[in-house]
Amino acid sequence: MNPTRTSTGFSLARVGAMVLRYWYLLSNSWPRAVELIYWPTVQMLTWGFVQLYVAQNSSFFANAAGLFVGGLLLWDVLLRSQQGFAFAFLEELWSRNLGNLLMSPLRPSELIVSLMAISMIRLAIGMLPVTVLAIPLFGFNIWGLGLPLAVFFANLVIAGWSIGLVIIGILLRQGMGAEALAWSLMFLIMPITCVYYPVTTLPWIVQPVAWALPTTYVFEGMRAILIDRTFRIDLMATAFAMNAMWFAVAVFAFYRLLAAARRAGSLLQQGE
Amino acid sequence: MPAASEPDPRFAIEVRDLAKHFGDVLAVDGISFEVARGTVTGLLGGNGAGKTTTIGMLMGLILPDGGRITILGHDMPAERAVLLERMNFESPYVDMPHRLTVRQNLEVFGRLYRVANLRDRIAGLVADFDLTAFVDRKAGQLSAGQKTRVALAKALLNSPEVLLLDEPTASLDPDTADWVRGRLETYRATTGATILLASHNMPEVERLCDDVVILRRGRIEDRGAPEDLLRRYGRDTLEEVFLDVARGTRAENAETARPNHEEAEA
């Protein structure tokens, strides 16, 4: 009688259903897709021209082409992976659909994996055109970094997911009152993680905080390639180790916040 | 008879000493009730009586402070993941994604419930719920009545053995509400599903429900078949019974001895 296929474990089919839900949202609403490309493009143009101007007046920057644009593109990978993760979840709050999902067989682990997949889709749509555009406009080919780019990318995306996980945990517990975190939390990290300048530029008291962030090692690694033409494996190994720790902490925090939301009854009171 | 701690196969839902506090507020105060398989039970009560909290705990969205819930022989929330594949829920206070069409929504939820032969299932529900005219329209563009029909189609996608409904006909015109009640009667009759219905619409409860649980301030104030409640309270309608319970009043011809919950359950 019952046409449902029962399963006790993790289901890739349910992850696929959530990705399909998001794909339908994007394909039905072209302004959303345009917005994904719009901000990275505006940012890249702004920082690209700043870099051109500075390079014309500084031999240091002239010899380290791509320092700003490279920093910006990698920063956008971090920012968009976090926002893609958190915004896909916010879509469920905005459309008052969260109750349907939480009362469906969708497991929290499946929700997390689907948000990761959606964040990658958003990242690809937003970043691919911009990285290609940077080649003719500013002579900076981030794809020319090769293997280091893949390592940078993996580290930044995992860091973005970790922050996104904590944000959606807080959204589950606190509701839409915490929405601003999804937009703004990364910008608190931006000056500390040293996107455009070395860690030594920071006041000495802040430097340990910067080194506690895996993303700082990525931006330092990028500068090592562009300035010293050296790929610092030690920096990347540390970044991966710190990412593994922070991701585990984020998963733990998410499940704790979800349990707290279940105890407090806040899952039934989602809204403003 | 099964032992007290064993699930009773006659019941789809068994609730024992269920309790929930929110801070200093006692939302549900140690309630116990059962819902027999294949029946429709109404959960009545004024605002703040504990209906939504009870449904939230039955769906595993809210963790109880005490007590036990058994659904289809499984413990909720411990076996929530398995149970939710055999249950479903509908409420006008929960929407479906506005920018997806009706067909896309049904496809996504069908995949979430891993419904076999999904295309055929959706085609059947579109026909049953008369959705053809707007199946390719975005959900956010539908009228309240159309949204309710779509939400009910979603709630029946997995042919749930247990269906929880939170005011399913709220804000519907009488014609559409009557149509929805007819669909629920047909679904129960053809599948033998168990339905728990929270409602403020007393004619709806009289029409659909085999049994009624009346909550007040987090406690079960009374329960029984609608006709038994009418007789005991000496009233002609459940609305009058509801008002008696809410206000603590009694009709002159009401039976003097109101049975306690154990007697009502028996």
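Residues numbered from 1 in each chain as written. Chains lettered and ligands numbered in written order. Predicted model: local features only at pLDDT ≥ 70, side-chain atom pairs only at ≥ 80, totals over all residues.

### Structural notes on the overall build of chain B
The line we're drawing: Secondary structure counts use DSSP, requiring at least four H or I residues in a row for a helix and at least two E residues in a row for a strand, with both numbered from the N terminus. The atom set for the radius of gyration is the C-alpha atoms, and the globule formula is 2.2 Å times the number of residues raised to the power 0.38. Each residue is classed by its C-beta neighbour count within 10 Å, where at least 20 other C-beta atoms makes it buried, 12 or fewer makes it exposed, and intermediate counts make it partly exposed; the C-beta atoms are placed from backbone geometry. By the convention adopted here, residues are in contact when the distance between their C-beta atoms, placed from the backbone, does not exceed 7 Å.
In terms of helices and strands, chain B carries ten helices and ten strands. Since a compact globule built from 266 residues should have a radius of gyration of about 18 Å, the 19 Å found for chain B is in line with a globular shape. Projecting the C-alpha coordinates of chain B onto the three principal axes gives extents of approximately 55 × 40 × 40 Å. Of all 266 residues assigned to chain B, the portion counted as buried reaches 48%. A sequence separation of at least 24 residues applies to 64% of the contacts in chain B between residues at least 6 apart.

### Let's talk about the confidence of the model for chain B
Residues and elements named next belong to chain B. Our working rule: Per residue, pLDDT captures the predictor's confidence, and it can take any value from 0 to 100.
On average, residues of chain B score 89 in pLDDT, and 93% of them reach the 70 mark or higher. By mean pLDDT, the top-scoring element of chain B is helix H3 (residues 102-112) (97), and the lowest-scoring one is helix H10 (residues 261-265) (45). For residues 259-266, every residue scores under 50 in pLDDT, and the model assigns this stretch six contacts once sequence neighbours within four places are set aside. As a predicted assembly, this complex carries a pTM of 0.88 together with an ipTM value of 0.86.

### Thoughts on unusual backbone geometry
The omega torsion of the bond from Met76 of chain B to Pro77 of chain B falls at 15°, within 30 degrees of zero and hence cis. Of note in this structure, Arg229 of chain A is not a glycine but carries a positive phi near 60°. Assignment of secondary structure puts Arg229 of chain A in the loop between helix H10 (214-228) and helix H11 (233-264). Owing to 7 C-beta atoms within 10 Å, Arg229 of chain A belongs among the exposed residues under this scheme. The phi angle at Leu72 of chain B is positive, at roughly 50°, despite the residue not being glycine.

### Digging into helix H4 (residues 67-94) of chain A
Residues and elements named next belong to chain A. Condition: Any helix carries an expected span of 1.5 Å times its number of residues minus one.
The end-to-end C-alpha distance of H4 is 38 Å, a good match for the 40 Å that 28 residues give at a rise of 1.5 Å each. Most of H4 sits inside the fold, with 24 of its 28 residues counted as buried. Looking one or two places after H4, you find Arg96, whose phi comes out positive at around 55°.

### Examining the sheet that holds strand S3 (residues 40-45) of chain B
In a beta sheet, neighbouring strands pair by backbone hydrogen bonds and run either parallel or antiparallel. Residue and element names in this part refer to chain B. Which entries qualify depends on this criterion: Here, strands pair whenever DSSP counts at least two bridges between them. Each axis is a line fitted through C-alpha atoms, taken for helices only over the stretch in contact, and angles between the N-to-C directions span 0 to 180 degrees.
Strand order in this open sheet of six strands is S6-S7-S8-S3-S9-S10, and the pairing throughout is mixed. Strands at the two margins of the open sheet, each flanked by one partner only, are strand S6 (87-90) and strand S10 (219-224). In this sheet, neighbouring strand axes are inclined to one another by 15° on average, regardless of whether the strands run parallel or antiparallel. Bridge count for strand S9 (residues 211-216) against S10 is five bridges, and the pairing is antiparallel. Within S10, the position partnered with Leu215 by the bridge is Ile220. Seen against the sheet, helix H1 (residues 51-58) touches S3, strand S7 (162-166), strand S8 (194-198) and S9 and runs at an angle of roughly 150° to S7.

### Examining the interface of chain A and chain B
Interfaces are frequently sized by the accessible area removed from exposure as the parts join. Note the cut-off: Residues are sorted three ways: Asp, Glu, Lys and Arg are charged, Ala, Val, Leu, Ile, Met, Phe, Trp, Tyr, Cys and Pro are nonpolar, and all the rest, Gly among them, are polar.
At the interface, 35 residues of chain A touch 37 residues of chain B. Going through the elements one at a time, helix H1 (12-28), helix H5 (98-102) and H11 of chain A are the ones with two or more residues in the side of chain A that touches chain B. Take the side of chain A that touches chain B: its biggest share by element is nine residues, from H1 of chain A. In the side of chain A that touches chain B, the residues fall into 13 nonpolar, 15 polar and seven charged.

### A look at the environment of Glu227 of chain B
With respect to the secondary-structure elements, Glu227 of chain B resides in helix H8 (residues 226-233). The spatial distance from the C-alpha of Glu227 of chain B to the C-alpha of Glu206 of chain B is 8.3 Å, given a sequence separation of 21 residues.

### Focus on the nonpolar core
Quick reminder of the rule: In these notes, a nonpolar core means any group of buried Ala, Val, Leu, Ile, Met, Phe, Trp, Tyr and Cys residues linked to one another through C-beta atoms within 7 Å.
In this structure, Leu74 of chain A together with Leu164 of chain B are the most contacted members of the largest nonpolar core, which totals 150 residues. Contact partners of Leu74 of chain A, with chain neighbours within four places excluded, come to Phe152, Leu156, Val218, Phe219 and Met222 of chain A.

### As for the pairing of S6 of chain B
All names here are of chain B. Taking every second residue as pointing to the same face, both faces of S6 are buried, with Met87 and Phe89 on one and Asn88 and Glu90 on the other. Relative to S7, S6 runs parallel, the two sharing four bridges. Within the sheet, the bridge partner assigned to Phe89 lies in S7 and is Leu164.

### Re the sheet that holds strand S5 (residues 74-76) of chain B
Residue and element names in this part refer to chain B. Taken together, the four strands give an open sheet; going across it, the order is S2-S1-S4-S5, and neighbouring strands pair in antiparallel fashion. Both edges of this open sheet fall to strand S2 (25-36) and S5, since each of them pairs with a single strand only. This sheet shows a mean twist of 25° between the axes of neighbouring strands, independent of strand direction. With nine bridges connecting them, strand S1 (residues 11-22) and S2 associate as antiparallel partners. Considered in S2, the bridge of Ile13 is made with Val35. Relative to the sheet, H1 contacts S1, S2, strand S4 (66-71) and S5, its axis offset from that of S1 by approximately 120°.

### Looking at the confidence of the model for chain A
Per-residue pLDDT for chain A averages 89, and the proportion of residues at 70 or more is 94%. Mean pLDDT per element in chain A: helix H3 (residues 59-63) of chain A is the minimum at 71, and helix H9 (residues 207-211) of chain A is the maximum at 96.

### Some details on the packing of H3 of chain B against helix H5 (residues 144-155) of chain B
All names here are of chain B. This is how the line gets drawn: An angle below 35 degrees is treated as roughly parallel, one above 145 as roughly antiparallel, one from 65 to 115 as roughly perpendicular, and anything else as oblique. Left-handed describes a crossing whose near helix is turned anticlockwise from the far helix by less than a right angle; the clockwise case is right-handed.
It is the contact of H3 with H5, at a shortest axis distance of 10 Å, that shows an interaxial angle of 25°. Between H3 and H5, the angle falls in the class roughly parallel. As for how H3 packs across H5, the hand of that crossing is right-handed. Residues Val102, Asn105, Leu106 and Phe109 of H3 form the contact with H5, whose own contacting residues are Val150, Ala153 and Lys154. Grouping the amino acids of the contact of H3 with H5 by side-chain chemistry returns five nonpolar, one polar and one charged.

### Description of helix H9 (residues 238-247) of chain B
All names here are of chain B. Filter applied, for reference: Read the arc as the range of directions from the helix axis to the C-beta atoms.
Listing the buried residues of H9 in full gives Leu238, Val241, Phe242, Asp244 and Val245. The buried residues of H9 occupy an angular sector of 160° when the element is viewed end-on, so they sit on one face. The inward-facing, buried residues of H9 abut S3, helix H7 (202-208), S9, S10 and H8.

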